[in-house]
Amino acid sequence: MAAYDPGQWHDFATSFAAAAGALLGLAFVAISFNLDAILKHQALLPDRAIETLVFFAYALAGSLLIQVPGLPAVALGIGEAILAAGMTARAMRNVRRWKQERGNPLSWRLTHFTPGALTALLAAVGAVATITTSLGGLYWLAAAMTVATASGLVNSWVLLVEIRR
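Calculation criteria
Residues numbered from 1 in each chain as written. Predicted model: local features only at pLDDT ≥ 70, side-chain atom pairs only at ≥ 80, totals over all residues. Heavy atoms only, no water. Axes fitted to C-alpha atoms, helices over the stretch in contact; angles between N-to-C directions. Helix = DSSP H or I, 4+ residues; strand = E, 2+ residues; numbered from the N terminus. Parallel < 35°, antiparallel > 145°, perpendicular 65-115°, else oblique. Contact = heavy atoms within 4.5 Å. Nonpolar A, V, L, I, M, F, W, Y, C, P; charged D, E, K, R; others polar. pLDDT = per-residue confidence, 0-100. Salt bridge = Lys/Arg side-chain N within 4 Å of Asp/Glu carboxyl O. Buried < 20%, exposed > 50% of the residue type's maximum accessible area, 1.4 Å probe, protein only. Left-handed = near helix turned anticlockwise from the far one by under 90°. Phe/Tyr/Trp six-rings, centres within 6.5 Å; stacked < 30°, edge-to-face > 60°. Core = buried A, V, L, I, M, F, W, Y, C linked by side-chain atoms within 4.5 Å.

### A closer look at the packing of helix α3 (residues 45-66) against helix α4 (residues 73-100)
Then, in step 1: Following both chains from N to C, one finds α3 and α4 inclined at 170°, their axes separated by 10 Å at the closest point. Judged on the interaxial angle alone, α4 and α3 are roughly antiparallel. On the side of α3, the interface is formed by Asp-47, Arg-48, Ile-50, Glu-51, Val-54, Phe-55, Tyr-58, Ala-61, Gly-62, Leu-65 and Ile-66, while α4 contributes Leu-76, Gly-79, Glu-80, Leu-83, Met-87, Arg-90, Arg-93, Asn-94 and Arg-97.
Then, in step 2: Partitioned by chemical class, the residues of the contact of α3 with α4 number ten nonpolar, three polar and seven charged.

### Some words on the confidence of the model for the protein chain
Then, in step 1: Model confidence for the protein chain is summarised by a mean pLDDT of 90, while 99% of its residues fall at 70 or above.
Then, in step 2: The element-level mean pLDDT for the protein chain is lowest in helix α2 (residues 35-40), coming to 88, with helix α1 (residues 10-33) highest at 95.

### A few points about the pattern of salt bridges
A pair can form between side chains of opposite charge whenever their charged atoms are brought close.
Then, in step 1: Scanning all chains against the criterion turns up two salt bridges.
Then, in step 2: With a closest N to O distance of 2.9 Å, Arg-90 and Asp-47 form a salt bridge. Here Asp-47 lies in helix α3 and Arg-90 lies in helix α4, a separation of 43 residues in the sequence. Accessibility assignment for this pair places Arg-90 and Asp-47 in one class, buried.
Then, in step 3: Salt-bridge contacts for Asp-47 lead to Arg-93; the nearest nitrogen and oxygen are separated by 2.9 Å. One end of the pair, Asp-47, is in helix α3; the other, Arg-93, is in helix α4, and 46 residues separate them in sequence.
Then, in step 4: Accessibility expressed as a relative area gives 39% for Arg-93, which makes it partly exposed.

### Side note on the packing of α1 against α3
Then, in step 1: Relative orientation of the contacting elements α1 and α3 amounts to 155°, with a least axis distance of 8 Å. Regarding the angle of α1 to α3, the classification is roughly antiparallel. In the packing of α1 onto α3, the handedness of the crossing is left-handed. Counting all contacts with α1, which are made through Ala-13, Phe-16, Ala-17, Ala-20, Gly-21, Leu-23, Leu-24, Ala-27, Phe-28 and Ile-31, the residues of α3 involved are Ala-49, Thr-52, Leu-53, Phe-56, Ala-57, Ala-59, Leu-60, Ser-63, Leu-64 and Ile-66.
Then, in step 2: Broken down by class, the residue content of the contact of α1 with α3 amounts to 17 nonpolar, three polar and no charged.

### So, the side chain of Thr-119
Then, in step 1: For Thr-119, the location among the structural elements is in helix α5 (residues 106-131).
Then, in step 2: Residues within four places of Thr-119 in sequence aside, it is in contact with Phe-55, Tyr-58, Met-87, Ala-144, Val-147 and Ala-148.

### Regarding the packing of aromatic side chains
Then, in step 1: Tallied over the full model, the rule gives three aromatic pairs.
Then, in step 2: Measuring from centroid to centroid gives 5.4 Å for Trp-9 and Phe-12, while their planes differ by 85°, and the two rings are edge-to-face.
Then, in step 3: Where Phe-12 meets Phe-16, the ring centres are 5.2 Å apart and the plane angle is 55°; that geometry is what we call tilted. With Phe-12 and Phe-16 both in helix α1 and four residues apart, the pair spans about one turn of that helix.
Then, in step 4: Pairwise contacts between aromatic rings join Trp-9, Phe-12, Phe-16 and Tyr-139 into one cluster.

### Looking at unusual backbone geometry
Then, in step 1: Not every positive phi belongs to a glycine, and Thr-133 is a case in point at roughly 45°.
Then, in step 2: With respect to the element layout, Thr-133 can be found in the loop between α5 and α6 (138-164).
Then, in step 3: On the basis of relative accessible area, Thr-133 is assigned to the partly exposed category, the value being 43%.
Then, in step 4: The residue Leu-135 is not glycine, and still its phi comes out positive at about 65°.
Then, in step 5: Topologically, Leu-135 is positioned in the loop between α5 and α6.

### So, the nonpolar core
Then, in step 1: Counting residues in each nonpolar core, the largest one holds 23 residues, and the members touching the most others are Tyr-58, Leu-141 and Met-145.
Then, in step 2: Every element with two or more residues in this core is listed here: α1, α3, α4, α5 and α6.
Then, in step 3: Ignoring any residue separated from it by four or fewer positions in sequence, one finds Tyr-58 in contact with Leu-83, Met-87, Thr-119, Ala-123, Leu-141, Ala-144, Met-145 and Ala-148.
Then, in step 4: Grouped together as the second largest cluster of nonpolar side chains are ten residues, Ile-38, Leu-44, Leu-45 and Leu-53 included.

Below you can see the structure in the form of structure tokens.
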């Protein structure tokens, strides 16, 4: 029953919120310090910077949502659905970018599209799983948060490398 009981996820969510909050803050400061360099690469880096902040913010919001005391499963699932909708909207932006980057290699386009789409998919399944108390419940949210955080870290690295290039 741990998959459906937010109380059992408290320690996980607390740890994840601390990590995601720290990463979000560090990314925000790093982007702010390098804003001129990021804006010079208008075709790629500003969007990547925003996406990085979105990934870390999603993980932070998901962690905090789990920790709301006494939140019923349906309300928790609705909160997850709202976060999933935000991630889906962000992923749809990458679909437009996919079309704009037709001249770039497929591997390049996939690295832009896949992390956001995967996070959005996991988040949506997590919302349904939580509302219906089936399919593994909160494990989907944990997977979405993990993919988002890993994607944010990769994006952070790309930003650092591209700024110096």
